[in-house]
Amino acid sequence: MSSRSITFTKNRLFACRVSSTSIQTRSLSDSDAKVKKTPLHNLHKKYGGKLVDFAGFLLPVQYSDLSVSASHLFTRSNASIFDVSHMLQTNVRGKDCISWFESICPVDLKGMEPGTGSLTVFLNEKGGIIDDLIVNKVMEDQLYIVSNAGRLKVDKQHMMETSEILRKKGKDVTVEFWDVTERALIALQGPKAANNLQTLTDIPLSELTFMTSQLGLVAGVECRVTRCGYTGEDGFEISIPADKAENVTEALLQSQDIKLAGLGARDSLRLEAGLCLYGNDIDESVTPVEAALTWLIAKRRRAEANFPGGDLILRQIKEGVSKRRVGIRMESGAPARKDAILKNVKGDNIGKITSGCPSPSLGGNVAMGYVVEEFKKVGNELSVNIRGKDVFCKIAKMPFVPSKYYVRK
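Residues numbered from 1 in each chain as written. Predicted model: local features only at pLDDT ≥ 70, side-chain atom pairs only at ≥ 80, totals over all residues. Heavy atoms only, no water.

What about the sheet that holds strand β5 (residues 49–54)?
Spatially, β4-β6-β5 is the arrangement adopted by the three strands of the open sheet, whose pairing is mixed. Edge positions in the open sheet fall to β4 (36–37) and β5, since each of these has one partner strand only. Pairing between β4 and strand β6 (residues 57–63): two bridges, direction parallel. Note on β6: the bridge partner recorded for lysine 37 is leucine 58. (Pairing = 2+ DSSP bridges. Helix = DSSP H or I, 4+ residues; strand = E, 2+ residues; numbered from the N terminus.)

Here we look at the layout of surface pockets
A volume near 210 Å³ is recorded for the second largest pocket. If you trace the second largest pocket, you find 18 residues lining it, with Val286, Lys323, Lys352, Thr354 and Tyr370 closest to the centre. Going through the elements one at a time, β20 (349–358) and β21 (365–372) are the ones with two or more residues in the lining of the second largest pocket. A breakdown of the residues in the lining of the second largest pocket according to their chemical character gives six nonpolar, six polar and six charged. (1 Å grid on protein atoms, 1.4 Å probe; cavity = no way out; pocket = protein on both sides within 12 Å on 5 of 7 lines; lining within 4 Å. Points joined across faces, edges and corners; volume = space filled by probe spheres on them. Nonpolar A, V, L, I, M, F, W, Y, C, P; charged D, E, K, R; others polar.)

A short note on empty space enclosed by the protein
Considering all chains together, one arrives at one cavity of 30 Å³ or more under this definition. Of the pockets and cavities examined, the largest cavity occupies roughly 60 Å³. In terms of lining residues, the largest cavity is bounded by Leu59, Pro60, Phe82, Asp83, Ala261, Gly262, Leu263 and Arg266. Only β6, β7 (79–83) and α7 (263–272) provide two or more residues apiece to the lining of the largest cavity.

Here's the deal with the state of the cysteines
Enumeration according to the criterion identifies zero disulfides in this entry. Here cysteine 393 stays unpaired: no disulfide links it, and the sulfur of cysteine 357, its closest cysteine neighbor, is 15 Å away. Judged by its relative accessible area of 0%, cysteine 393 is buried. (Disulfide = S-S within 2.5 Å. Buried < 20%, exposed > 50% of the residue type's maximum accessible area, 1.4 Å probe, protein only.)

A few points about the side chain of glutamine 89
Relative to the elements of secondary structure, glutamine 89 occurs in strand β8 (residues 88–93). Assessed through its relative accessible area of 2%, glutamine 89 is described here as buried. A polar atom in the side chain of glutamine 89 sits 2.6 Å from the side chain of serine 239. Those residues within four positions of glutamine 89 in sequence are excluded, and the remaining contacts are Tyr144, Ile145, Val146, Glu176, Phe177, Trp178, Arg183, Ala184, Leu185 and Ser239. (Polar contact = N/O pair within 3.5 Å; in protein donor to acceptor, adjacent residues only side chain to side chain. Contact = heavy atoms within 4.5 Å.)

Quick notes on the pattern of salt bridges
Applying the stated criterion to the full structure yields 22 salt bridges. The salt bridge involving lysine 376 is made with glutamate 373; its shortest N-O contact spans 2.9 Å. You can call lysine 376 partly exposed: its relative accessible area is 36%. Where salt bridges share partners, they join Glu102, Asp108, Arg300, Arg301 and Glu304 into one cluster. (Salt bridge = Lys/Arg side-chain N within 4 Å of Asp/Glu carboxyl O.)

Regarding the side chain of serine 118
Tracing the sequence through the fold places serine 118 in strand β9 (residues 116–123). With a relative accessible area of 17%, serine 118 lands in the buried category. Each residue touching serine 118, except ones within four places of it in the same chain, is listed here: Val107, Met112, Leu133, Ile134, Val135 and Met211.

Things to note about the packing of helix α2 (residues 68–77) against α7
The interhelical angle for the contact between α2 and α7, taken along N-to-C directions, is 55 degrees, at an axis separation of 8 Å. When the interaxial angle is binned, α2 and α7 end up oblique. For α2 against α7, the interelement crossing comes out right-handed. Only Gly264, Ala265, Ser268, Leu269 and Glu272 of α7 make contact with α2, whose side of the interface consists of Val68, Ser71, His72, Thr75 and Arg76. (Axes fitted to C-alpha atoms, helices over the stretch in contact; angles between N-to-C directions. Parallel < 35°, antiparallel > 145°, perpendicular 65-115°, else oblique. Left-handed = near helix turned anticlockwise from the far one by under 90°.)

Dropping the structure here:
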């Protein structure tokens, strides 16, 4: 994810770089048929959203009232609403839906209670990450899945093809994709999210812990509320009928504690939280072990070894890997961007950056990337090549900013 600002000229949008992050955008018109609008499109325009084409959707990179950095800091101290309707929402039903899902992911759905969820990954036969996603076990025969917009077509095809294989064997599993015209999705993130949301919902939020989900009324509209997010803060993702999305969002915005935020702040917040961006930090060439996501391979699934790429992944867990995802800190200077080369103290190339940006919360810059396994230790001194100059940096513990997820003590 990345950010750019835009200039409006004769109903055309032209992308130009903002300092915090970098997004691939293109010149487009507000009526461009190739770009989808979310149910909150008119609301973005009303509040001065600077719109760009992101993953085929017209989305705000920031709003006119706050810079990307100011929006980032507001989220850390108050709460912000992000339009994430571009994410793929999938509803799965059938008595065999859990066995189907476990055939394509290393998660232990059978061991989870209804109403709980987990981060997981679709894996290919070589153990590579097809996508990262959140799955909620609604009931024993129903799942609710949220996956990445940039992998929308790939994920749809993968889920349809694998479920069809089981249906041909007489299994009961039905996969339903919700189009952006049917369901909106907003993320309310920040330390003041819960108190403000509680005034508008009948769901007892003190009982809704991190990675749990429940149906309930929000501003009088039936929604699915899941306690999760992409910022490291406490927060919620709220799935809303498309025609009610503006009403729910406007109701939340009545609080002075809540503002709208865009792609720019979303990216810098997730990077400070040490969270991966698909296509940058993880892809089909990277395994969960290499990506420092070994914890996604559930204990029971390791014992059964019956998930895609299981043999390779289990061997990597036992024997190790040649490269590993790590955090990088730089106290000053320009931020390290994707593909910048990392070097050891001898000047040997030992890895590269996959994501990087200034850190509004900490000062200086944060990044993540992959290094040769022997250099992964926190505190190791390296250099990163930025614009032809080798700049001092260190391996740092992630998350860079402590996570504040709401869990039972």
